2 protein chains.
Amino acid sequence: MNITFLNDPKLNILLPVIYLAWQDDILTKEEYTALNDFINNQDNFSKAEKDFLKSKIDLNNPPGRSELFFWKDLINKALNNHKPENLTELGFFIANADRSTYSKEDIKVIEPQLLKLEAQLGIISNEAISSLCETHDTITNKLKTVESFSKEKMTALLDGDQAAIINRVKKIISQPEFAFETSTDITVYREKVLEWCKILAKQGFGSHAYPKQYGGAGDIEGYFTIMETLSYHDLSLVIKFGVQFGLWGMSVMFLGTEKHFEKYLKDIGTLDIPGGFAMTETHHGSNVKGLETTATYNHKSRSFTINTPVPFARKEYIGNTALHGEMVTVFAKLIIDDKDYGVNAFIVPIRDRHKNVLSGVRIEDCGHKMGLNGVDNGVIYFDNVVIPYDNMLDRFAQVNEKGEFETSIPSDNRRFFTMLGTLVGGRIGIPRSALAAAKTGLTIAIKYGDNRRQFGPNGGLEVPVLNYRIHQQRLMPYLANTFAIHFGLQYLTKRFMNRTEDDMQEIEALAAGMKSYSTWNTRDALQECREACGGKGYLSENRIDDLKNDTEIYTTFEGDNTVLMQLVAKNRLGEFRKQFSEMNIATIFSYVLDQAKTAVTEKNPFATRNTDDSHLKDPEFHLHAFQYREKELVSSAARRFKRLVDDGLDTFDAANIMHPHMLQIAFAYLDRVFLEQFQLQLKSADESLKEVLTRLYNLFAINKLQENKAWYLEQGYMEGVKTKAIRKLFSQLCWEIRRDAVPIVESFNIPENCLAPIITTNSEQA
Amino acid sequence: MNITFLNDPKLNILLPVIYLAWQDDILTKEEYTALNDFINNQDNFSKAEKDFLKSKIDLNNPPGRSELFFWKDLINKALNNHKPENLTELGFFIANADRSTYSKEDIKVIEPQLLKLEAQLGIISNEAISSLCETHDTITNKLKTVESFSKEKMTALLDGDQAAIINRVKKIISQPEFAFETSTDITVYREKVLEWCKILAKQGFGSHAYPKQYGGAGDIEGYFTIMETLSYHDLSLVIKFGVQFGLWGMSVMFLGTEKHFEKYLKDIGTLDIPGGFAMTETHHGSNVKGLETTATYNHKSRSFTINTPVPFARKEYIGNTALHGEMVTVFAKLIIDDKDYGVNAFIVPIRDRHKNVLSGVRIEDCGHKMGLNGVDNGVIYFDNVVIPYDNMLDRFAQVNEKGEFETSIPSDNRRFFTMLGTLVGGRIGIPRSALAAAKTGLTIAIKYGDNRRQFGPNGGLEVPVLNYRIHQQRLMPYLANTFAIHFGLQYLTKRFMNRTEDDMQEIEALAAGMKSYSTWNTRDALQECREACGGKGYLSENRIDDLKNDTEIYTTFEGDNTVLMQLVAKNRLGEFRKQFSEMNIATIFSYVLDQAKTAVTEKNPFATRNTDDSHLKDPEFHLHAFQYREKELVSSAARRFKRLVDDGLDTFDAANIMHPHMLQIAFAYLDRVFLEQFQLQLKSADESLKEVLTRLYNLFAINKLQENKAWYLEQGYMEGVKTKAIRKLFSQLCWEIRRDAVPIVESFNIPENCLAPIITTNSEQA
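Not measured: the values here are computed from a predicted model. (Residues numbered from 1 in each chain as written. Chains lettered and ligands numbered in written order. Predicted model: local features only at pLDDT ≥ 70, side-chain atom pairs only at ≥ 80, totals over all residues. Heavy atoms only, no water.)

### Observations regarding the overall build of chain A
The number of helices and strands found in chain A is 30 helices and 14 strands. For 766 residues, the compact-globule estimate of 2.2 N^0.38 gives 27 Å, and chain A exceeds it by more than 25% at 34 Å. Principal-axis analysis of the C-alpha atoms gives chain A an extent of 125 × 70 × 50 Å. Counting the 766 residues in chain A, one finds 62% classified as buried. The contacts in chain A between residues at least 6 apart in sequence include a share of 75% that link residues at least 24 apart. Taking the 89 positively charged and 101 negatively charged side chains of chain A as two groups, their mean positions are separated by 1 Å. (Helix = DSSP H or I, 4+ residues; strand = E, 2+ residues; numbered from the N terminus. Rg over C-alpha atoms; globule rule 2.2 N^0.38 Å. Buried < 20%, exposed > 50% of the residue type's maximum accessible area, 1.4 Å probe, protein only. Contact = heavy atoms within 4.5 Å. Lys, Arg positive; Asp, Glu negative; His and termini not counted. Charge placed at Lys NZ, Arg CZ, Asp CG, Glu CD.)

### Concerning the pairing of strand β8 (residues 378-382) of chain A
Consecutive residues of a regular strand have side chains that alternate between opposite faces of the sheet. Residue and element names in this part refer to chain A. Burial analysis of β8 places five of its five residues in the buried class, which makes it a mostly covered element. With two bridges joining them, strand β4 (residues 315-318) and β8 adopt antiparallel strand pairing. Looking across to β8, one finds that Ile318 is bridged to Gly378. Direction of pairing for strand β7 (residues 361-365) relative to β8: antiparallel, over a ladder of five bridges. From the neighbouring strand, Ile363 faces β8, where its bridge partner is Ile380. (Pairing = 2+ DSSP bridges.)

### Observations regarding the packing of helix α18 (residues 504-532) of chain B against helix α20 (residues 544-552) of chain B
Residues and elements named next belong to chain B. Between α18 and α20, the shortest axis-to-axis distance is 10 Å and the interhelical angle comes to 155 degrees. In terms of orientation, α18 lies roughly antiparallel with respect to α20. Of the two elements, α18 crosses α20, and the hand of that crossing is left-handed. For the pair α18 and α20, contact is made by Thr522, Leu526, Gln527, Cys529 and Arg530 and by Ile544, Leu547, Lys548 and Thr551, respectively. The class makeup of the residues in the contact of α18 with α20 is four nonpolar, three polar and two charged. (Axes fitted to C-alpha atoms, helices over the stretch in contact; angles between N-to-C directions. Parallel < 35°, antiparallel > 145°, perpendicular 65-115°, else oblique. Left-handed = near helix turned anticlockwise from the far one by under 90°. Nonpolar A, V, L, I, M, F, W, Y, C, P; charged D, E, K, R; others polar.)

### Considerations on the interface of chain B and chain A
With 127 residues of chain B at the contact, the number on the chain A side is 128 residues. Buried surface at the junction of chain B and chain A, both sides included, amounts to about 10500 Å², of which 53% is carbon and sulfur. Remark: the boundary between chain B and chain A carries 12 salt bridges. The partner of Lys536(B) in a salt bridge is Glu316(A), with the nearest N and O atoms 2.8 Å apart. Counting across the interface, chain B meets chain A through 60 residue pairs in polar contact (both at pLDDT 80 or more). Of all the elements, helix α26 (residues 651-684) of chain B adds the most residues to the side of chain B that touches chain A, at eight residues. Of the residues that constitute the side of chain B that touches chain A, the class distribution is 38 nonpolar, 48 polar and 41 charged. (Buried area = accessible area lost by both parts, 1.4 Å probe. Salt bridge = Lys/Arg side-chain N within 4 Å of Asp/Glu carboxyl O. Polar contact = N/O pair within 3.5 Å; in protein donor to acceptor, adjacent residues only side chain to side chain.)

### As for the pattern of salt bridges
Two side chains carrying opposite charge are able to pair once their charged atoms lie near each other. Residue and element names in this part refer to chain A. Taken as a whole and assessed by the stated rule, the structure comprises 90 salt bridges over all chains. Between Asp394 and Lys259 there is a salt bridge; the shortest N-O distance is 3.2 Å. With a gap of 135 residues between them, Asp394 in the loop between β10 (392-393) and β11 (397-399) and Lys259 in helix α14 (residues 258-269) connect regions that are remote in the sequence. Two residues, Glu687 and Lys690, come together in a salt bridge whose shortest N-O distance is 3.0 Å. Taken together, the positions of Glu687 and Lys690, both in helix α27 (residues 687-707) and three residues apart, correspond to about one turn of that helix. Here Glu687 falls in the exposed class, since its relative accessible area comes to 59%. Using a relative accessible area of 22% as the deciding quantity, one classes Lys690 as partly exposed.

### What to know about the UniProt feature "domain: Acyl-CoA oxidase/dehydrogenase middle" (unreviewed entry) in chain A
Sites flagged by UniProt as "domain: Acyl-CoA oxidase/dehydrogenase middle" (unreviewed entry) map to residues 276-385 of chain A. Helix makes up 0% of residues 276-385 of chain A and strand makes up 45%, while its end C-alpha atoms are separated by 17 Å. (UniProt positions renumbered as here; feature names shortened; annotations may be inferred.)

### Looking at the sheet that holds strand β4 (residues 315-318) of chain B
All names here are of chain B. Ordered by their spatial adjacency, three strands build an open sheet running β4-β8-β7, and the pairing between neighbours is antiparallel. Looking along the sheet, the strands with just one partner apiece sit at the ends: β4 and β7 (361-365). If you compare each strand with its neighbour and ignore which way they point, the axes differ by 25 degrees on average.

### Regarding the relation of the copies chain B and chain A
Once chain B has been moved 0.0 Å along the axis and rotated by 180 degrees, it coincides with chain A to within an RMSD of 0.1 Å. Here the symmetry operator amounts to a two-fold rotation axis. The position closest to the rotation axis in chain B is occupied by the C-alpha of Ala710(B), lying 2.0 Å away. (Least-squares fit on C-alpha atoms with pLDDT ≥ 70 in both.)

### Some thoughts on the packing of aromatic side chains
Evaluation of the coordinates by the stated rule reveals 58 aromatic pairs over all chains. Taken together, a centroid distance of 4.6 Å and an interplanar angle of 20 degrees make the contact between Tyr628(A) and Tyr717(A) stacked. Of the two residues, Tyr628(A) is situated in helix α25 (residues 619-646) and Tyr717(A) in the loop between α28 (709-715) and α29 (720-746); the sequence distance between them amounts to 89 residues. We classify Tyr717(A) as buried; its relative accessible area is 3%. Every member of this aromatic cluster is reached through a ring pair, and the members are Phe483(A), Phe487(A), Phe678(A), Tyr697(A), Phe700(A) and Phe748(A). Seen from the ring of Tyr389(B), Arg302(B) lies directly overhead, with NZ or CZ sitting 3.8 Å from the centre. (Phe/Tyr/Trp six-rings, centres within 6.5 Å; stacked < 30°, edge-to-face > 60°. Lys NZ or Arg CZ within 6 Å of the ring centre and 35° of its normal.)

### Comments concerning the sheet that holds β4(A)
All names here are of chain A. Within the open sheet, the three strands sit side by side as β4-β8-β7. Their pairing is antiparallel. With partners counted over all chains shown, the strands left at the sheet margins are β4 and β7, one partner each. Strand after strand, the sheet turns through a mean of 25 degrees between neighbouring axes, direction not considered.

### Thoughts on helix α5 (residues 87-95) of chain B
With seven of nine residues buried, α5(B) lies mostly within the body of the structure. For α5(B), the full list of buried residues reads Leu87(B), Thr88(B), Leu90(B), Gly91(B), Phe92(B), Ile94(B) and Ala95(B).

### Points about the side chain of Gln42(A)
The topology assignment puts Gln42(A) in the loop between α2 (29-40) and α3 (47-56). Overall, the relative accessible area of 3% leaves Gln42(A) in the buried class.

### A closer look at the environment of Lys144(A)
Residue and element names in this part refer to chain A. Position of Lys144 relative to the elements: it lies in the loop between α8 (139-142) and α9 (151-159). Its relative accessible area of 58% is what places Lys144 among the exposed residues. Here the alpha-carbon distance between Lys144 and Arg739, two residues 595 residues apart in the chain, equals 5.7 Å. In this view, Lys144 contacts Arg738 and Arg739; residues no more than four positions away in its chain are not counted.

### Looking at the state of the cysteines
In total, this model carries zero disulfides over all chains according to the counting rule given. You can see Cys734(A) has no disulfide; the closest cysteine sulfur is in Cys529(A), sitting 14 Å from it. Not engaged in a disulfide, the cysteine Cys197(B) finds its nearest cysteine sulfur in Cys754(B); these two sulfurs lie 15 Å apart. (Disulfide = S-S within 2.5 Å.)

### Some points on the packing of helix α25 (residues 619-646) of chain B against α26(B)
All names here are of chain B. Here α25 crosses α26 at 165 degrees, and the two axes come no closer than 9 Å. By the criterion of interaxial angle, the relationship of α25 to α26 is roughly antiparallel. The hand of the α25/α26 crossing is left-handed. Looking at the contact of α25 with α26 residue by residue, the classes come out as 18 nonpolar, seven polar and six charged.

### Here we look at unusual backbone geometry
Residue and element names in this part refer to chain A. Of note in the backbone geometry, Leu372 takes a positive phi value of approximately 55 degrees without being a glycine. With respect to the element layout, Leu372 can be found in the loop between β7 and β8. Look at Phe455: it is not a glycine, yet its phi comes out positive at around 60 degrees. Looking at the secondary structure, you find Phe455 in the loop between β13 (453-454) and β14 (463-464).

This is the structure:
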């Protein structure tokens, strides 16, 4: 009789190891040697048996396919009856299946050798056994979407008192004429976007913010809501709409006076006068104070001459002007009798009603862009264009009858920033638009991840990719951010609507900061969404392409984010200085004392090492930690700056060194504001929403702590045990939120036609 | 005589403070109160004088413009003669300018009150004085580009022995027929890209990798160089080229045998047979082992029937097939007599020579994509398409004369991965292409930043934005990464060229890892480049648009990065297990001892707190720190995994928990490899390049330590003082490299026509 595993059961103790060696491709030369040595050392086996076994590990003569099938059958039979701890136990079980091939005593002798062999082969026992099991349930493949709260109530919470107008806008953008334009021809696309704007204007959405006597609804908050809701649809539309009715219209409304309202506002609201907002120059983007375009006053003719003195002073990226604009608000230095009176704003016609470019005006097309190709951005040069006296937007400064400059705000600087301050609305509209785009992206990626299956346990079904923790950890934090930013932007909007003079500096800082924070968040969220959708995410039909490329420039326009964050930090530092007066010894000392007190309560070993779940989820702990970071960053910045200047550095050089630190201040401040707003919403929310909101809130807080853990560790505010516990909690929260994730994104209630074929056509349901 | 500052010099002690209050817009109500109180408390001033001063701080009646000019004149005169410490000193200086208005005794009394007032107003003295100075030199505006090394030598180092072929490719892509296509019509664009491919094929670049007897140069390394160099030009071209000559041609070359080479290879190299590589299916992208397309063997007719059994088994994103492909390599499960013999590869014709789609084949166009629109990606369905016996690519498995399956690699798994292993070249070509795109982006952003000026010290010229540290810190780390990745990819290429059987697993892991690392690096680098170029970066003409959108999918194709990094980590864990055999008590104990030894030498308080520059720049320290991180992450992963499984978790669930940890392992491994390769290059480099390379090297090392500082702090490998010193050194290194940055990017020697108008037309030189 031939020697086989079947005929010679005692050889079966090696069967699982040999099978696995071939099956899992781990039979390297070292492994061969280990097996060979083991076989040679078995006194129990005859020469023929040893030869047989060696033939089964011959590198040049691997077992055939049918032999592998046969071995697997033997193993399966054993596993049906028994769940062994390791391959050794499994081997003995197969060997002893029909009779007592090995006695207890035999086993005692051979078992350690076999275990050693397993170790030499680098086999992890449980893993190996598990891999041999045909099918099994796992926690991972059982995880699935549940709906633990009312989506309608969540939508109501998010929409608040704006629900009516939100629904009106959604209804319009769901209509057939709002089908997305798929032509890549920008001429076609731009006309389509103009057409959409006209439809919206006809419905009164364009003039919504303007006073009633000029055809509007006098509802600025509603205007923001319109911008935000339109952002579920095409973003070129949003920007074209925003340029026309926001930048152009509101520059007239906020910088002009009665005579301008009378003359222009109604026609702007109906899109009868398409226009633009010409501030940025090629050489002056962020540093708008340095604009070089001039508006020279001519007393004789009571007129102004608008001029581009050097080519680089051309107005650039001016939306709605390459094709459609007929007038623009131009920011230019007012010159009277050769004296420079700082930047002021003027209405300058650039085309006649037949779209002919006017004499003295030269317009170039900015051409194809990374995104927003439905918006016609232009470059404008003015060659001594004369405009009448009344075209100066004269709310904050005027030229009087005698041809003298008059203003209620004598500082050029201050007047300029007051003018800009009135336009802060743009920095509210943009982050809200960005957030809507992130919501769309997350809806697509999360719903796709809930259906898309790849890989799975051996023999089991493939698993939805959203069940993988690493996938959850890429998307869920952005879902939590979405809520934090949503509530924060609501707060900003309310602050803006109820602003007083005293509030303005803080509101401007908040708006600048939230604009940067939200647009960067959208940039990162959409990048993750694209990658999370794989190749499908790359197809334009699935919308992440446009969402990403259109919002990409949001980080630059309405103020470069990095520059804006410096303004935010300066504001915080200013507040700090006011609070502490100068950084003399006494105040530093008292501040240090104050910090020391914090240290006593928050930096004691119990607190820095506290890893209790209840502590890590305690809103008080979060708030303290966020505030501590903010305060400490601000006060250390003040100290560092003073030290640098005291050491003889020019303040400009010192500021240069401080910029990265300042960026951190701005983030810390915004994180804290978003946290507070989220906490307030949690308190007042409908009871039935509290559980899911609390999970999102905790993830937001924990994620931010994790992002900044290096800083907390450096400060000794936390120790390694605590930051590790935070990481674990982070993983757990993402896992928990995954179950709610689909209903959560559905509660954004984004019109179906604004979403993507990969999720609307059930393309993943096999 | 009226009271004025001129007539009544003693009042001038308040002039600087009042001027600054109006000038800098800090006259809030609190500040008004502080000034008012100060004035009221001056016994030295008469009622009339007090009234005069109060009239100058009247919130309702701010000073006029000309009055501000006049005050500034007085201040300027004083500053021309004297550099005071604070506004108080300045005030006394103006007051005493013509005579001794205040005696030393007076000053002693009033000075503290004035200083207190300054403090109350939140004025930082040096800053305020500095802001009043008209012009001044700063370190920041004096920083500029220098050329401290030979660009030619640097180019020679980077190009190495590939210089000849690099220059040949650069010459071709600089020719007029390679002018970028600007049409947004994808039909036009796709034809242009095909035309470019044909020109390259005619020059022999397409067949370069193939054996000489089939028209090639037998130079696979040269092929990678061609792909990389082409990547300075249009990336659709690179991908179309790579699909045709790499994926399609090399699948025949590596999976086929003599008969296939004879029949196809020459025509593939000349582009006479355009083709594709049909692996990915809609439902199986990452999990290619799960492919469902079948190739059923028919013994009677000695043929195979290729079939798409369910719609989701359609082949998707297949490059070069929506329009041009005539044949594709199809990966399908081989079925013989109803038995599944695993995935094998077959040549399947899809179009005839007149581009008519063949019967049984259905091809859909993937349509518009985020990028790479010059590549015609298609979806392919097979409806029982019969192909002859010879069309099976039969290097690793065959159907014999009797109709039986034969293979030298019996495990389906192993055979499949052996087949994939031969195609690892794609994972070398892609990261090299990605790196070239990053080099182009960095060249554009850095040269732009060197010219673009915004802001500056008061009264001084505006400063190149690259002089701002925050700007440097956004771009310089990517410049350092570029060199690390460049050297690393050279190393990978050499390893691949000189591979042995035993090496393959490691080379595959390296390639998978470097593909992910490089493509993610490019994604992030190009994002920073875009933002660093502001609005100009958004214009398509400046190329960052295409560079970014074309390479974006590199993170997904040739293997999803996140999935690939898991493979890398598994490989590392496997190596670790082999090294330590099983994690039994003895080995854990000995490993802990080993780690403890590290702790003794590297974790002593001196080392963890060592902030010496020489230590922080010591390659030995870097290597230790990188190795420590890698080892500790691997061993802790092994321990964690074992603990999770021991606690009863299914291995699949345990693996799920471990994925984020595994990602860290892969990064740590790759960081260490890149570091080592950079160190090797430093040692052998030309002496004249060592200084600049050392700076780049240090920045790479320090930046990685900084990115992972939270981990080092958690581990107690570093303390806060050290991580703070690292941050400072990081800032310093970026500052130093900025000077060399322009010559560094110029040493990439990218053809002028592949760069952007913003840097080639001197658009920023005023």
